[in-house]
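Tertiary structure, described
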Amino acid sequence: MTENLATPLVALRGVTKRFGDVVANRAVDLEIGQGEVLALVGENGAGKSTIVNMLSGVFPPDEGAIEIDGVPTVFATPADSVEAGIGVVHQHYMLVPTLSALDNIALQAREIGLGKIDRSALGARAGKVAETLGFQFDKRQRIDSLDVAHQQRIEIIKALMHEVRLLILDEPTAVLGAEDKARLFETVRGLKGQGVSVVLITHKLEDIFAVADRAVILRNGAVAASLPVRGLSADTIVSHMVGADAEARAEVQIPSEGATADDSVGHTHPPGKVVCRVRDVTLHRPNGSVAVAGLSLELHAGEIVAAAGVDGNGQSELVRCLAGMQRPADGEVDCLGLNSRMSDWTPARLRRAGVSHIPEDRRRSGIVGDMSLAKNYLLSHLDDPGFTRFGLLRNRYLAQVVDERISRFKVRAPGSGERMKNLSGGNQQKVVLARELDGDPRLILAAHPSRGLDLNTIAFVHQVLDEAREAGRSILLLSSDIDEILKIADRILVFAGGRTFGPARCAEVDRRTIGAWIAGHEDVPA
Ligand SMILES: Nc1ncnc2c1ncn2[C@@H]1O[C@H](COP(=O)(O)OP(=O)(O)OP(=O)(O)O)[C@@H](O)[C@H]1O
């Protein structure tokens with residue numbers, strides 16, 4: 001779309017937002033035209049979520065104004081933003097897992113008459129919204145029985161229950177496999193066709209080219225560029241993202257059209273001895289259903305094994321099991337000298353034996369928002385020598401170590417004393433990674449380690465995992481990104497439909513076979 005001469009639907013005029021000394025947004029000018037799909041991109045901490053928070057009425061700008069149809073508008077509460085026609089699908093879904101789809105939609109509904117929600121009217125309207133989007137919608141289905149892609153569809157329906165003129169999607173593709181991603185883009189195009197504007201926050205360059213009309217690139221809180229996507233190159237986007245600093249640009253890996261097994265980082269040594277043996281294991285989901293049955297796998301020192309597939313097919317349960325958070329319903333696991341049938345199969349025991357865990361649900365099980373970065377680091381390193389003396393915490397030494405990690409992982413934070421909740425999502429993830437890759441773990445459970453990270457940091461994380469493998473660590477990598485898997489893993493095991501396919505050596509399996517496995521087929525369909 002060309003720059004609109006018409007009044008933009010939404011505009012930010014000279015918007016600045018500060019948090020203490022941090023300038024999260026600096027004199028941001030941004031226009032969103034009607035029916036325009038705008039990609040909002042930038043490195044971790046560039047200020048994307050802060051813009052979303054202001055547009056959704058979470059907090060107002062310190063300076064500048066938000067205009068709707070050219071009229072300066074103040075959102076005193078999120079309800080004002082909804083009233084103005086802005087809907088948001090957050091990166092971390094706001095769904096209650098034990099409730100049905102309709103109950104979740106009802107939680108924010110306005111169909112309240114005589115103090116009661118008119119469920120049938122609500123259900124009918126949700127059904128209609130789903131129909132216009134081409135979604136299957138079973139209003140009775142519990143959220144925890146749906147995979148992430150279907151949960152996302154419920155979030156989109158929920159957002160569109162109101163009259164929405166601008167839909168903001170915060171990193172919607174981070175959790176999706178290729179097929180669901182393509183379907184989401186179809187939905188975005190459909191909304192655009194209806195005149196709805198869409199802001200798509202993403203770290204993936206391919207998302208921009210797939211669906212956006214314009215890319216606005218943020219750097220250090222300010223707009224570095226606003227460019228039509230037609231004719232735009234990945235290189236141009238990246239150089240605006242990282243700035244004129246040539247050294248920084250050289251570090252960034254611009255993804256090619258699609259990595260192949262040949263691009264694999266690979267490793268030179270044969271894998272070492274078995275550190276973990278999984279035998280004929282059945283794992284249940286939290287709601288009691290079977291996630292995966294008949295799972296057998298050996299993890300060796302000095303290799304990266306990828307557990308791939310659409311989220312919700314048992315990969316998470318495997319990681320939970322190896323982290324000591326869950327026991328198999330059937331079968332047996334031997335891990336670093338501990339056995340799943342023994343009473344000492346606990347997270348603390350496994351951690352002490354050498355298991356480190358980068359959890360997929362960072363907010364629920366990876367961090368404590370109210371604690372400092374230093375204390376968050378300590379959560380996994382309390383037993384390390386050096387941090388305590390005579391039973392007392394050596395705060396200064398801890399701060400020194402954590403400040404060094406902050407600088408090495410390029411965490412955008414004032415220092416180790418900052419509270420975790422004040423960091424952007426990607427920067428929180430970097431702190432978790434620094435913590436879990438540190439020390440001397442023998443088995444690293446890395447659940448979606450690069451989710452939500454910018455290109456620079458992803459390259460860095462891949463390098464760190466590669467070094468960990470070379471140093472003889474065993475790594476189980478949960479990933480739904482085939483490019484990532486082919487780039488860094490040695491073997492792949494695909495989870496689909498309650499069973500597993502493989503494990504196969506990445507160098508010996510092609511992309512189409514992996515695709516067939518993910519879809520639950522043994523062979524590539526003719
Ligand atoms: N509530 C807050 N208190 C203090 N600082 C904050 C707060 N919210 C955001 N910040 C800071 O503002 C800056 C911009 O953060 P923001 O979350 O907007 O970045 P982002 O571009 O969305 O990053 P990411 O890709 O990592 O999600 C960061 O330095 C962050 O630490």
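An unreviewed UniProt entry lists the protein chain under the name ABC transporter ATP-binding protein, from Microbaculum marinisediminis. Per UniProt, the protein chain carries the Sequence similarities (unreviewed entry) text "Belongs to the ABC transporter superfamily."

1. Looking at the environment of Q428
In this structure, Q428 sits in helix α15 (residues 425-437). Separated by 73 residues in sequence, Q428 and F501 place their C-alpha atoms 33 Å apart. Not counting residues within four places of it along the chain, the set of residues in contact with Q428 comprises R362, I367, M420, K421 and L423. Among the polar contacts listed, one links the side chain of Q428 to the backbone oxygen of M420, at a separation of 3.1 Å.

2. A few points about the pattern of salt bridges
Counting across every chain of the model gives 27 salt bridges. R279 is the salt-bridge partner of D334, the closest N and O atoms lying 2.5 Å from each other. Here D334 is found in strand β16 (residues 330-335), whereas its partner R279 is found in strand β13 (residues 274-284), with 55 residues between them in sequence. A relative accessible area of 27% means that D334 is categorised as partly exposed. Taking relative accessible area as the criterion, R279 reaches 37% and is therefore assigned partly exposed. Several salt bridges converge on common partners, so that one network encompasses E404, R405, R408 and D438.

3. Some points on the sheet that holds strand β2 (residues 22-32)
Read from one edge to the other, the open sheet built from 4 strands follows the order β2-β1-β4-β5, with strand pairing classed as antiparallel. Because the sheet does not close on itself, it has two edges, and the strands there are β2 and β5 (71-73). Each strand of the sheet is rotated relative to its neighbour by a mean of 35°, with strand direction disregarded. One ladder, built from 3 bridges, connects strand β4 (residues 63-68) with β5; its direction is antiparallel. Considered in β5, the bridge of I68 is made with V71. Across the sheet, helix α1 (residues 48-55) touches β1 (10-19), β2 and β4, and the angle it forms with β1 is around 115°.

4. Observations regarding the pairing of strand β11 (residues 214-219)
Burial analysis of β11 places 5 of its 6 residues in the buried class, which makes it a mostly covered element. Examined bridge by bridge, strand β3 (residues 37-42) and β11 share 5 bridges and lie parallel to one another. Residue pairing in the sheet places L38 in a bridge with R214 of β11. Between β11 and strand β12 (residues 222-228), which pair antiparallel in sequence order, lie 2 residues; one of them, N220, sits at a positive phi of approximately 50°.

5. Observations concerning the pairing of β2
Along a regular strand, successive side chains alternate from one face of the sheet to the other. Across 7 bridges, the pairing between β1 and β2 is antiparallel. Bridge pairing in β2 places A11 opposite E31. Two successive antiparallel strands, β1 and β2, enclose a turn made up of 2 residues, where G20 displays a positive phi of approximately 60°.

6. Notes on the site of the ligand
In the vicinity of the ligand, 19 residues are found, and the nearest of them are G45, S49, T50, S424 and G426. Here an oxygen atom of the ligand sits 2.8 Å away from a polar atom, N or O, in the side chain of K48. A distance of 2.7 Å separates an oxygen atom of the ligand from a polar side-chain atom of S49. Against a free-state accessible area of 640 Å², the protein chains account for coverage of 87% of the ligand. For the shell around the ligand, the secondary structure elements donating two or more residues are β2, α1 and α15. For the shell around the ligand, the residue count by class is 5 nonpolar, 11 polar and 3 charged.

7. Some remarks on the sheet that holds strand β10 (residues 197-201)
One open sheet holds the 6 strands; their spatial order is β6-β9-β10-β3-β11-β12, and the pairing between them is mixed. Of all strands in the sheet, those bounded by a partner on one side alone are β6 (86-89) and β12. Neighbour-to-neighbour, the strand axes of this sheet turn through a mean angle of 20°, independent of strand direction. Packing of helix α5 (residues 148-159) onto the sheet brings it into contact with β6 and β9 (166-170), and relative to β6 it is tilted by some 165°.

8. Some thoughts on the confidence of the model for the protein chain
Scored by pLDDT, the protein chain comes out at a mean of 87, with 92% of its residues at no less than 70. Confidence scores differ between elements of the protein chain, with strand β7 (residues 112-113) showing the lowest mean pLDDT of 47 and β4 the highest of 97. As a predicted assembly, this complex carries a pTM of 0.80 together with an ipTM value of 0.98.

9. Here we look at the nonpolar core
Counting 54 residues, the largest nonpolar core has I156, I157, L167 and I208 as its most contacted members. With 6 residues, α5 is the single largest residue contributor to this core. For I156, the contacting residues outside a window of four places in its chain are V89, L133, F135, L167, L169 and L184. Residues F387, F501, V509 and W517 belong to the second largest nonpolar core, which totals 49 residues.

10. Side note on the UniProt feature "domain: ABC transporter" (unreviewed entry) in the protein chain
Here, the residues flagged by UniProt with the feature "domain: ABC transporter" (unreviewed entry) are residues 10-245 and 276-522. Within residues 276-522, the helical portion is 34% and the strand portion 26%, while the C-alpha atoms at the span's ends are 26 Å from each other.

11. Things to note about the packing of aromatic side chains
When we look at a pair of aromatic rings, we describe it by the centre distance and by the angle of the planes. As enumerated under the stated definition, the model contains 5 aromatic pairs in all. Note on Y377 and F387: the rings are 6.0 Å apart at their centroids and 80° apart in plane angle, and the pair reads as edge-to-face. With Y377 in helix α13 (residues 373-378) and F387 in the loop between α13 and β19 (388-389), this pair connects stretches of sequence that are 10 residues apart. Geometrically, the ring pair formed by F387 and Y397 is tilted, given 5.5 Å between the ring centres and 40° between the ring planes. Note that F387 is positioned in the loop between α13 and β19 and Y397 in helix α14 (residues 395-408), a separation of 10 residues in sequence. Each residue in the set Y377, F387 and Y397 is aromatic and connected to the rest through ring pairs, giving one cluster.

Criteria and thresholds
Residues numbered from 1 in each chain as written. Predicted model: local features only at pLDDT ≥ 70, side-chain atom pairs only at ≥ 80, totals over all residues. Heavy atoms only, no water. UniProt positions renumbered as here; feature names shortened; annotations may be inferred. Helix = DSSP H or I, 4+ residues; strand = E, 2+ residues; numbered from the N terminus. Contact = heavy atoms within 4.5 Å. Polar contact = N/O pair within 3.5 Å; in protein donor to acceptor, adjacent residues only side chain to side chain. Salt bridge = Lys/Arg side-chain N within 4 Å of Asp/Glu carboxyl O. Buried < 20%, exposed > 50% of the residue type's maximum accessible area, 1.4 Å probe, protein only. Pairing = 2+ DSSP bridges. Axes fitted to C-alpha atoms, helices over the stretch in contact; angles between N-to-C directions. Near = heavy atom within 4 Å. Areas by Shrake-Rupley, 256 points an atom, 1.4 Å probe, with all protein chains shown as cover. Nonpolar A, V, L, I, M, F, W, Y, C, P; charged D, E, K, R; others polar. pLDDT = per-residue confidence, 0-100. Core = buried A, V, L, I, M, F, W, Y, C linked by side-chain atoms within 4.5 Å. Phe/Tyr/Trp six-rings, centres within 6.5 Å; stacked < 30°, edge-to-face > 60°.

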